[in-house]
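Residues per chain are reported as follows:
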Amino acid sequence: MKFFVDTADTSEIADLAATGLVDGVTTNPSLVMKSGRPMREVIGEICALVEGPVSAEVTAVDYDAMVKEGRYLAEIAENVCVKVPLTMPGLKTCKTLSKAGIKVNVTLCFSAAQAILAAKAGATFVSPFVGRLDDIGEDGMRLIADIVTIYDQYDHFRTEVLVASVRHPMHVVAAAQLGADVVTLPPDVMRKLAQHPLTDKGLAAFLADWQKTGQSILPS
Ligand code: G3P
């Protein structure tokens, strides 16, 4: 399973990328707004921080302008993945850009029917938003199960399931159990994956006992 970091905060990305556990980054217009920085500048910096795909989203809503914006974003760096919304103009844009060899992440996916269209449009990734479905009392992980099952039926579907709108570690565990290809994680959720009180307690006990030996591993 690939881990992407879901933020445009370059200091957070640098910190987590240093662990060696980060396979890419996703951004969206809201995350770029939160960064307070120009899109081209922040995407260019992120692309230099990680080797993997960096999703940068178009903001036009019509096909011609989406294609223009997508080609512009793709020129920023070779690891840019252009994000388009799951609308008919977005799918048409996905088809055009993917045929031109540009990676595309089709975002704002909330149904299996939409995910089928994303795969038919040649998307590199489809981003189903599990947290936003949970927020309205629907079952976000049920959507992931449906998409994985459908995609597994067709060898020619090459689109990877990129689980987005992740709210907590159990979304990650459930996505892994279902065989999703990628999860994109807010930085705090990524850090929570490693945290467990019994790990902290056990480590403290090991170190306290080690202290009693008066030894050190490295020769003085
Ligand atoms: O990449 C999509 C993600 O940023 C959406 O998350 O928390 O706004 O639903 P959220």
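Please read all numbers here as calculations on a predicted model, not as lab measurements. (Residues numbered from 1 in each chain as written. Predicted model: local features only at pLDDT ≥ 70, side-chain atom pairs only at ≥ 80, totals over all residues. Heavy atoms only, no water.)

Draft legend 1. Inspection of the overall build of the protein chain at higher detail. Along the protein chain, the regular secondary structure elements total 11 helices and 8 strands. For the C-alpha atoms alone, the extent of the protein chain along its principal axes is close to 70 × 35 × 30 Å. Expressed as a percentage of the 220 residues in the protein chain, the buried residues total 45%. Within the protein chain, contacts between residues at least 6 apart in sequence are counted, and of these 57% link residues at least 24 apart. With the model as given, the accessible surface of the protein chain reaches about 11,500 Å², and the carbon-plus-sulfur share is 57%. Positive and negative side-chain charges in the protein chain, numbering 20 and 26 respectively, have mean positions lying 4 Å apart. (Helix = DSSP H or I, 4+ residues; strand = E, 2+ residues; numbered from the N terminus. Buried < 20%, exposed > 50% of the residue type's maximum accessible area, 1.4 Å probe, protein only. Contact = heavy atoms within 4.5 Å. Areas by Shrake-Rupley, 256 points an atom, 1.4 Å probe, with all protein chains shown as cover. Lys, Arg positive; Asp, Glu negative; His and termini not counted. Charge placed at Lys NZ, Arg CZ, Asp CG, Glu CD.)

Draft legend 2. View of the nonpolar core. Counting residues in each nonpolar core, the largest one holds 62 residues, and the members touching the most others are Val-80, Val-82, Val-106, Tyr-151 and Val-163. In this view, Val-106 contacts Val-84, Pro-85, Leu-86, Leu-91, Cys-94, Ala-118, Ala-123, Phe-125, Val-126 and Ser-127; residues no more than four positions away in its chain are not counted. Judged by nonpolar contacts, the second largest core, of 5 residues, contains Phe-4, Phe-125, Leu-162 and Val-182. (Core = buried A, V, L, I, M, F, W, Y, C linked by side-chain atoms within 4.5 Å.)

Draft legend 3. Highlighting the site of the ligand. Asp-6, Asn-28, Leu-31, Lys-83, Phe-129, Arg-132, Ala-164, Ser-165 and Arg-167 make up every residue found near the ligand. Separating an oxygen atom of the ligand from a side-chain N or O atom of Arg-167 is a distance of 2.8 Å. Out of a free accessible area of 310 Å², the ligand has 81% covered by protein chains. Each residue belonging to the shell around the ligand can be placed in one class, and the counts come to 3 nonpolar, 2 polar and 4 charged. (Near = heavy atom within 4 Å. Polar contact = N/O pair within 3.5 Å; in protein donor to acceptor, adjacent residues only side chain to side chain. Nonpolar A, V, L, I, M, F, W, Y, C, P; charged D, E, K, R; others polar.)

Draft legend 4. Highlighting the environment of Lys-34. One can find Lys-34 in helix H2 (residues 29–35). Among the residues examined, Lys-34 registers a relative accessible area of 63% and is labelled exposed. Along the sequence, Lys-34 and Arg-158 sit 124 residues apart, while their C-alpha atoms lie 32 Å from each other.

Draft legend 5. Up close: the packing of aromatic side chains. On inspection of all chains with the given rule, the structure shows 4 aromatic pairs. When the centroid spacing of 5.6 Å and the interplanar angle of 80° are considered together, the rings of Phe-4 and Phe-125 count as edge-to-face. Of this pair, Phe-4 sits in strand E1 (residues 2–6) while Phe-125 sits in strand E6 (residues 125–128), and the two are 121 residues apart along the sequence. Taking the relative accessible area as the measure of exposure, Phe-125 reaches 2% and is therefore buried. Where Phe-110 meets Phe-129, the ring centres are 5.5 Å apart and the plane angle is 65°; that geometry is what we call edge-to-face. (Phe/Tyr/Trp six-rings, centres within 6.5 Å; stacked < 30°, edge-to-face > 60°.)

Draft legend 6. Seen up close, helix H8 (residues 140–152). Between the first and last C-alpha of H8 there are 19 Å, a value that for 13 residues agrees with the 18 Å anticipated at 1.5 Å per step. Residues of H8 that are buried: Gly-140, Met-141, Leu-143, Ile-144, Ala-145, Ile-147, Val-148 and Tyr-151. Buried residues along H8 sit against strand E5 (104–109), helix H6 (112–120), E6, helix H7 (130–135), strand E7 (160–163) and helix H9 (169–178). Near the N-terminus of H8, the side chain that reaches the backbone nitrogen of Met-141, with its oxygen 3.2 Å away, is that of Asp-139. (Expected span 1.5 Å × (residues − 1).)

Draft legend 7. Expanded view of the pattern of salt bridges. On inspection of all chains with the given rule, the structure shows 8 salt bridges. The closest approach of N and O atoms between Arg-37 and Glu-41, which form a salt bridge, is 2.8 Å. Classification of Arg-37 by relative accessible area gives partly exposed; the value is 24%. On the basis of relative accessibility, which here comes to 43%, the residue Glu-41 falls in the partly exposed class. Lys-212 is the salt-bridge partner of Asp-209, the closest N and O atoms lying 3.2 Å from each other. (Salt bridge = Lys/Arg side-chain N within 4 Å of Asp/Glu carboxyl O.)

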